[in-house]
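Analysis of the macromolecular model
Here's the letter readout for the chains.
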2 protein chains.
Amino acid sequence: MRDVSSMLEQFQQYMDALDIPASPAGLYGPVRYALSLGGKRMRPLLLMLAYSIYRDDVENAFDAACGIEVFHNFTLLHDDVMDKADMRRGMPTVHRKWNENTAILSGDGMVLLAYRYLNRVSSENRERVLQIADKAFLEVVEGQQYDMDFERRADVTEDEYMEMIRLKTAVLPAAALEAGAVLGGATRHDQESLYRFGEKMGLAFQLQDDWLDVYGDPGVFGKKTGGDILCNKKTYLYIKARNLADCEMNAEMDRWAEYAGGDDQRKIDAVKGIYDKLEVECLCREKIVSLFGEAMECVKSLDADMKRLAVLTDYVSGLIDRKI
Amino acid sequence: MRDVSSMLEQFQQYMDALDIPASPAGLYGPVRYALSLGGKRMRPLLLMLAYSIYRDDVENAFDAACGIEVFHNFTLLHDDVMDKADMRRGMPTVHRKWNENTAILSGDGMVLLAYRYLNRVSSENRERVLQIADKAFLEVVEGQQYDMDFERRADVTEDEYMEMIRLKTAVLPAAALEAGAVLGGATRHDQESLYRFGEKMGLAFQLQDDWLDVYGDPGVFGKKTGGDILCNKKTYLYIKARNLADCEMNAEMDRWAEYAGGDDQRKIDAVKGIYDKLEVECLCREKIVSLFGEAMECVKSLDADMKRLAVLTDYVSGLIDRKI
């Protein structure tokens, strides 16, 4: 069984050699650019690691891994248009580098390419893999809709928030793991266990993102903290605070939400102060740890070589920040 | 064999009962609205008519017909965003009725639903139908890109234009016909012949649209003529005129392209005057008739009952305006 970094390198070579058509360049140039921005390739890696629990010939999992990765990058591209985001992974977003129409259309091209790659999965597993992808893909779009809906709502509950991030961010890694298990020939029980493992992990990662944006070390984290607070983003911390706050504190949060004084740090510190009073930082960390534990519980009963499973769980553990 | 109107009615009932999820309503409401705008349902009808040449149980073709129709409506939705169009089939476009982000995301949802419906095609034909759809879908997006590219170019040739409209508008009806033939159990020869028939017909329809926009009867056509001239749209007439015009006439066309005097009718009449001098109206009509003839040639050698084939060719002939 290969280690994570050699697996990643081999997959990256496959992605670099991907048969994306040359013309029209106005369509496929932005597609290539969006895919080159890289990122951790977490979803394909999860797929390959799940596959590797059962089989060694990991290159058999590349088509499915690629389909899911291309789909994921399509969602980032269109999300950036909708959020009017200027930068993605330190580079200008497609709609900034080109324009909005180019971003819409090249995103459309990417989702079609994602299906093209998924359709290359060998025939004995294609139907199941397409079924898994189809379900997850539509759920991701539903999650994005709930996220947009929540922007205009002040009364989002914790349960609603958890369901939104489950759809928007957790089901795709979960589907990647399940597809990897299917391709590897795992039992139905193992396929489902790996899906649930991915779901819990995905939730933990999103809460970690929420936490890092406020409490992360800017040196390690690579960007300033407080961005979510500044744009009144409904994160786990924010929703938890809203639900725990008394009338007075809620009024204070309302005032900061509408603050236009221009002193960003003052707003960040004030809202952070409210979080501290309500101890939501601690509740968030507890939730992350508890989700992590639930995830690990899901893979305890796998019909698998423990050493092979450990490569997956070690990789996932490595993604959870040690400070939490 | 059922007639066209009863086939259409049955398909419409199927579409009305389509399992589009209820929530999030912000996502699926616009999807339902976009699909309810209707239109002629030309692509599903072509698919069903091709199927009906070989088999009677046309409801077996509904899933594929629906997948292609949902995809087509997705392209209209995103095209309207990119063109900033206010109206579609007499109703406000999705991005006008809701907003741009809703239009982007509900379009994304529609393309995923299109694949979901296509994946319901019975297993013995699913692979071929997906292959046909996959190719056509990406070509439609490529065609839209070429169309956008051409907006910024003054030197588009007739060949380039014909290839652009082949991709943007002809391959999807062609794919619908081919998929119908596949599902009906037609020979490979017949499948390919019906594809080529659809391609030629699709080209003829687009040139007819170009022609109608300038020479159509506003009473019958339902909208004012000259819209394409006003927005300097590169149609067959425009490109043909550009390619035939001498220096002086090209300069005149340049001037009208930049005209900002506000007298719309004056611009329309002037450009129409140039078209008349260069006889491009006549060339356009000749091309339509010739494409129509080529299309009919493609289905001459089908291994089919001529009466059944005639239902298809009669329907298609009915779509070609009698005045051309």
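Position numbers for residues start from 1 in each chain and track the written sequence from start to end. As a convention, the first chain written is A and the first ligand written is 1, with the rest following in written order. Totals for whole chains, interfaces and linings use every residue, but because this is a predicted model, local features are given only for residues with pLDDT of at least 70 and side-chain atom pairs only at 80 or more, for both listing and counting. Side-chain numbers here rest on the full set of heavy atoms in the structure, without hydrogens or water.

Some details on the overall build of chain A
Counting secondary structure elements, chain A contains 16 helices and two strands. Here the C-alpha radius of gyration of chain A, 20 Å, is about what a compact globule of 324 residues would show, namely 20 Å. Note on exposure labels: buried denotes an accessible area under 20% of the residue type's maximum, exposed denotes more than 50%, and partly exposed covers the range between, all computed with a 1.4 Å probe on protein chains only. Looking at chain A residue by residue over its 324 residues, the buried ones come to 57%. Positive: Lys, Arg. Negative: Asp, Glu. His and the chain ends are not part of the count. For the purpose of locating charges, the reference atoms are NZ of Lys, CZ of Arg, CG of Asp and CD of Glu. Counting 41 positive and 55 negative side-chain charges, chain A places the averaged centre of each group 2 Å from the other. Helix and strand assignments follow DSSP, with helices taken as H or I runs no shorter than four residues and strands as E runs no shorter than two, numbered in order from the N terminus. A radius of gyration in this sense is built from C-alpha atoms; the matching globule rule multiplies 2.2 Å by the number of residues raised to 0.38.

Examining the interface of chain B and chain A
Taken together, the contacts link 38 residues of chain B with 38 residues of chain A. Overall, the association of chain B and chain A removes approximately 3,400 Å² of surface from exposure, summing both partners, and the carbon and sulfur fraction of that is 63%. A side-chain nitrogen of Lys or Arg and a carboxyl oxygen of Asp or Glu constitute a salt bridge if their distance falls within 4 Å. The tally of links from chain B across to chain A stands at four salt bridges. For Arg116(A), the salt bridge identified is with Asp134(B), shortest N-O distance 2.9 Å. What qualifies as a polar contact is a pair of N or O atoms within 3.5 Å, subject to a donor-acceptor requirement within protein and to the restriction that residues adjacent in sequence count only when both atoms come from side chains. Taken together, chain B and chain A are joined by eleven residue pairs in polar contact (both at pLDDT 80 or more). Element by element, the count of residues in the side of chain B that touches chain A is highest for helix H7 (residues 123-151) of chain B, at 14 residues. All residues other than Ala, Val, Leu, Ile, Met, Phe, Trp, Tyr, Cys, Pro, Asp, Glu, Lys and Arg, Gly among them, are scored as polar; the first ten of these are nonpolar and the last four charged. Classifying every residue of the side of chain B that touches chain A by side-chain character gives 20 nonpolar, nine polar and nine charged. We call two residues contacting when some pair of their heavy atoms lies within 4.5 Å. The term buried area denotes the loss of accessible surface (1.4 Å probe radius) that occurs when two parts are joined, taken as the sum for both partners.

Things to note about unusual backbone geometry
Negative phi values dominate among residues other than glycine, just as trans dominates among peptide bonds. The step from Ser23(A) to Pro24(A) runs through a cis peptide bond, and the omega angle for that step is 5 degrees. By secondary structure assignment, the location of Pro24(A) is in the loop between helix H1 (4-16) and helix H2 (25-36). Positive phi values are uncommon outside glycine, yet Asn232(B) reaches one of about 55 degrees. Position of Asn232(B) among the secondary structure elements: in the loop between helix H11 (227-230) and helix H12 (236-244).

A closer look at the pattern of salt bridges
Residues and elements named next belong to chain B. Inspection of every chain in the model, using the stated rule, returns 45 salt bridges over all chains. Here Lys-135 and Glu-139 are joined by a salt bridge, their closest N and O atoms 3.5 Å apart. Taken together, the positions of Lys-135 and Glu-139, both in helix H7 and four residues apart, correspond to about one turn of that helix. For Lys-135, a relative accessible area of 42% translates into the label partly exposed.

Let's talk about the relation of the copies chain B and chain A
Aligned on chain A, chain B shows an RMSD of 0.0 Å; the corresponding rotation is 180 degrees and the shift along the axis is 0.0 Å. These values place the two chain copies in the arrangement generated by a two-fold rotation axis. A symmetric contact is evident, with 100% of the interface residues of chain B recurring at the interface of chain A. We superpose the copies by least squares over the C-alpha atoms of residues that have a pLDDT of at least 70 in both of them.

A short note on the packing of helix H6 (residues 100-118) of chain A against helix H6 (residues 100-118) of chain B
It is at 11 Å that the axes of H6(A) and H6(B) come closest, and there the two elements cross at 20 degrees. Taken together, the axis directions place H6(A) and H6(B) in an arrangement best described as roughly parallel. Crossing angle aside, the handedness with which H6(A) passes H6(B) is right-handed. Judged by residue contacts, Glu100(A), Ile104(A), Asp108(A), Val111(A), Leu112(A) and Tyr115(A) of H6(A) engage Glu100(B), Ile104(B), Asp108(B), Val111(B), Leu112(B) and Tyr115(B) from H6(B). Considered class by class, the residues forming the contact of H6(A) with H6(B) number eight nonpolar, no polar and four charged. Orientation is described by lines fitted to C-alpha atoms, with helices fitted over the stretch in contact, and by angles between N-to-C directions that extend from 0 to 180 degrees. Note on terminology: angles under 35 degrees are roughly parallel, angles over 145 are roughly antiparallel, angles of 65 to 115 are roughly perpendicular, and the others are oblique. By the definition used in this description, the sense in which the near helix is turned from the far one sets the handedness, with an anticlockwise turn below a right angle giving left-handed and a clockwise turn giving right-handed.

Here we look at the packing of H6(A) against helix H4 (residues 62-83) of chain B
Where H6(A) meets H4(B), the closest approach of the two axes is 9 Å, and the angle between their N-to-C directions is 160 degrees. In this view, H6(A) runs roughly antiparallel relative to H4(B), as classed from their interaxial angle. Two packed elements cross with a definite hand, and for H6(A) against H4(B) that hand is right-handed. Where H6(A) abuts H4(B), its residues Asn101(A), Ile104(A), Leu105(A), Asp108(A) and Leu112(A) lie against Phe71(B), Phe74(B), His78(B), Val81(B) and Met82(B). Counted by class, the contact of H6(A) with H4(B) contains seven nonpolar, two polar and one charged residues.

A word on H6(A)
Here H6(A) spans 27 Å end to end across 19 residues, near enough to the 27 Å set by a 1.5 Å rise per residue. Here H6(A) starts with a cap whose side-chain oxygen sits 3.2 Å from the backbone nitrogen of Asn101(A), and that cap is Asn99(A). Expected span of a helix, by definition, is 1.5 Å for each gap between consecutive residues, and there is one gap fewer than residues.

Considering the nonpolar core
Only buried residues count toward a nonpolar core, which is a set of Ala, Val, Leu, Ile, Met, Phe, Trp, Tyr and Cys residues joined through side-chain atoms within 4.5 Å. Within the largest apolar cluster, 235 residues are counted, with the highest numbers of intra-cluster contacts made by Tyr275(A) and Tyr275(B). Setting aside anything within four residues of it in sequence, one finds Tyr275(B) in contact with Val214(B), Tyr215(B), Ile229(B), Thr235(B), Leu237(B), Tyr238(B), Ala241(B), Met253(B), Val280(B) and Glu281(B).

Focus on helix H14 (residues 264-278) of chain A
Residues and elements named next belong to chain A. Between its terminal C-alpha atoms H14 stretches 22 Å, which fits the 21 Å expected from 15 residues at 1.5 Å a residue. Those residues of H14 that sit buried are Lys-267, Ile-268, Ala-270, Val-271, Ile-274, Tyr-275 and Leu-278. Mapping the buried residues of H14 onto a view down its axis gives an arc of 165 degrees, with all of them on the same face. Residues of H14 that are buried sit in contact with helix H9 (188-215), helix H11 (227-230), helix H12 (236-244), helix H13 (247-257) and helix H15 (280-298). In the segment just after H14, Glu-279 is the residue with positive phi, at about 55 degrees. What the arc measures is the spread of directions leading from the helix axis to the C-beta atoms.

Quick look at the packing of aromatic side chains
Ring pairs shown here join Phe, Tyr and Trp side chains whose ring centres sit within 6.5 Å, with only the six-membered ring taken for Trp; geometry is labelled stacked below 30 degrees between planes, edge-to-face above 60, and tilted in between. Within this structure, the stated rule accounts for 23 aromatic pairs over all chains. Ring centres 6.3 Å apart and planes at 40 degrees place the aromatic pair Tyr146(A) and Phe150(A) in the tilted group. Here Tyr146(A) and its partner Phe150(A) are both found in helix H7 (residues 123-151), four residues apart, which amounts to about one turn of the helix. On the basis of relative accessibility, which here comes to 23%, the residue Tyr146(A) falls in the partly exposed class. For the pair Tyr115(B) and Phe137(B), a centre-to-centre distance of 5.7 Å together with 80 degrees between the ring planes defines the contact as edge-to-face. Highlighted residues: Tyr115(B) in helix H6 and Phe137(B) in helix H7, separated in sequence by 22 residues. Comparing Tyr115(B) with Phe137(B) shows no difference in burial state: the two are buried. In this structure an aromatic cluster arises from ring pairing among Phe71(A), Phe74(A), Tyr115(A), Phe137(A), Phe71(B), Phe74(B), Tyr115(B) and Phe137(B).

Quick look at the environment of Leu237(A)
On the secondary structure map, Leu237(A) appears in helix H12. With residues near it in sequence (within four places) discarded, Leu237(A) still touches Asp210(A), Trp211(A), Val214(A), Tyr215(A), Tyr275(A), Val280(A), Glu281(A) and Cys284(A).

Regarding the environment of Arg266(B)
All names here are of chain B. Summarising the element assignment, Arg-266 is placed in helix H14 (residues 264-277). When its relative accessible area of 49% is taken as the criterion, Arg-266 is described as partly exposed. Between the C-alpha atoms of Arg-266 and Trp-256, which are ten residues apart in sequence, the distance is 9.7 Å. Arg-266 has contacts with Trp-256 and Tyr-259, leaving out every residue within four places of it along the chain.

With respect to the confidence of the model for chain A
Per-residue pLDDT for chain A averages 95, and the proportion of residues at 70 or more is 98%. What the predictor reports for the complex is a pTM of 0.96 with an ipTM of 0.95. pLDDT measures the predictor's confidence residue by residue and takes values from 0 up to 100.

Here we look at the side chain of Glu158(A)
All names here are of chain A. By the secondary structure assignment, Glu-158 is in helix H8 (residues 158-184). A distance of 2.3 Å separates polar atoms of two side chains, one belonging to Glu-158 and the other to Lys-240. Excluding residues within four positions of it along the chain, Glu-158 makes contact with Tyr-236, Ile-239, Lys-240, Asn-243 and Lys-287.

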